[in-house]
Structures are given as structure tokens and as C-alpha cells.
Amino acid sequence: MRIDAYMQVNQLYNTNKTKSKAKQEKTSSKDSLEISDFGNAYHVAKQAVSQGSDVRAERVREIQEKLAAGTYNVSIEDVADKMADALLS
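The rules behind these values
- Residues numbered from 1 in each chain as written.
- Predicted model: local features only at pLDDT ≥ 70, side-chain atom pairs only at ≥ 80, totals over all residues.
- Heavy atoms only, no water.
- Helix = DSSP H or I, 4+ residues; strand = E, 2+ residues; numbered from the N terminus.
- Expected span 1.5 Å × (residues − 1).
- Patch = residues over 30% accessible without salt bridge, like charges linked within 9 Å, V, L, I, M, F, W, Y side chains within 5 Å.
- Areas by Shrake-Rupley, 256 points an atom, 1.4 Å probe, with all protein chains shown as cover.
- Salt bridge = Lys/Arg side-chain N within 4 Å of Asp/Glu carboxyl O.
- Lys, Arg positive; Asp, Glu negative; His and termini not counted.
- Charge placed at Lys NZ, Arg CZ, Asp CG, Glu CD.
- Buried < 20%, exposed > 50% of the residue type's maximum accessible area, 1.4 Å probe, protein only.
- pLDDT = per-residue confidence, 0-100.

Caption draft 1: Layout of helix H3 (residues 57–69). In a regular helix each residue adds 1.5 Å, so 13 residues correspond to 18 Å; H3 covers 18 Å between its end C-alpha atoms and thus fits that length. Gly 70 lies just past H3 and shows a positive phi near 80°.

The following block contains the structure:
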């Protein structure tokens, strides 16, 4: 490797000089947030669900009446399916 040739090329391109960073102009910018229509609808639906009751009182009352009358029958296969779904999910 010829060092003198490297020095000549280096002088031509001034690669040894450090370049100073250009001063950045101060600009005032504000962050903004835009929520899509889908996101807004999702938020409204989520709030509506969270305000609702987890227990359906009319369904509970119906099952209690059937239990009291002795007419409430549940298939063992349905129970097994629900248990398997609960354990596997």
C-alpha cells in the first residue's frame, strides 16, 4: 500500500477534516393525536360493555324457578364441553 498516494487522495477530498454540524433551527411543533372512526367506535362500545351488568337477572330468575319446580335438566355432555372449554382456554 502506498501511503503517499493515500495522502494525496485524502488531501483532494479533505477527508481528514471534521465536518461541523449545521445548526438546527428551532421550530415549535406540537404533538397531535387523531383517533380513527373505528378506534372511536371501539372505545364507545368498550365503555358501554363495562357499564353493563355481568349477570342477566331475568335468566337467573328463570333458572331458579326451574330448579324450584324440579324441571331444570342439563345434559352431561354440555357440562363436560363447558368444563373442557374453560380448562383449555
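Continuing now.
Caption draft 2: Quick peek at a negative patch on the surface. Residues Glu 77, Asp 78, Asp 81 and Asp 85 make up a contiguous surface patch of negative charge. Mapped onto the elements, Asp 85 comes out in helix H4 (residues 76–88). With relative accessibility at 52%, the residue Asp 85 sits in the exposed group.

Caption draft 3: View of a nonpolar patch on the surface. A cluster of nonpolar side chains, Leu 67, Tyr 72, Val 74, Ile 76, Val 79 and Met 83, forms an exposed patch at the surface whose accessible area comes to about 570 Å². Counting residues per element, the nonpolar patch draws most heavily on H4, which supplies three residues.

Caption draft 4: A look at the confidence of the model for the protein chain. Residues of the protein chain with pLDDT of at least 70 account for 75%, and the chain-wide mean is 83. Ranking the elements of the protein chain by mean pLDDT puts helix H1 (residues 3–13) last, at 68, and H4 first, at 95.

Caption draft 5: Geometry of the pattern of salt bridges. As enumerated under the stated definition, the model contains two salt bridges in all. Between Glu 62 and Arg 59 there is a salt bridge, with the nearest N and O atoms lying 3.1 Å from each other. Of this pair, Glu 62 and Arg 59 both sit in helix H3, three residues apart, roughly one helical turn. You can call Glu 62 partly exposed: its relative accessible area is 33%. Owing to a relative accessible area of 36%, Arg 59 belongs among the partly exposed residues under this scheme.

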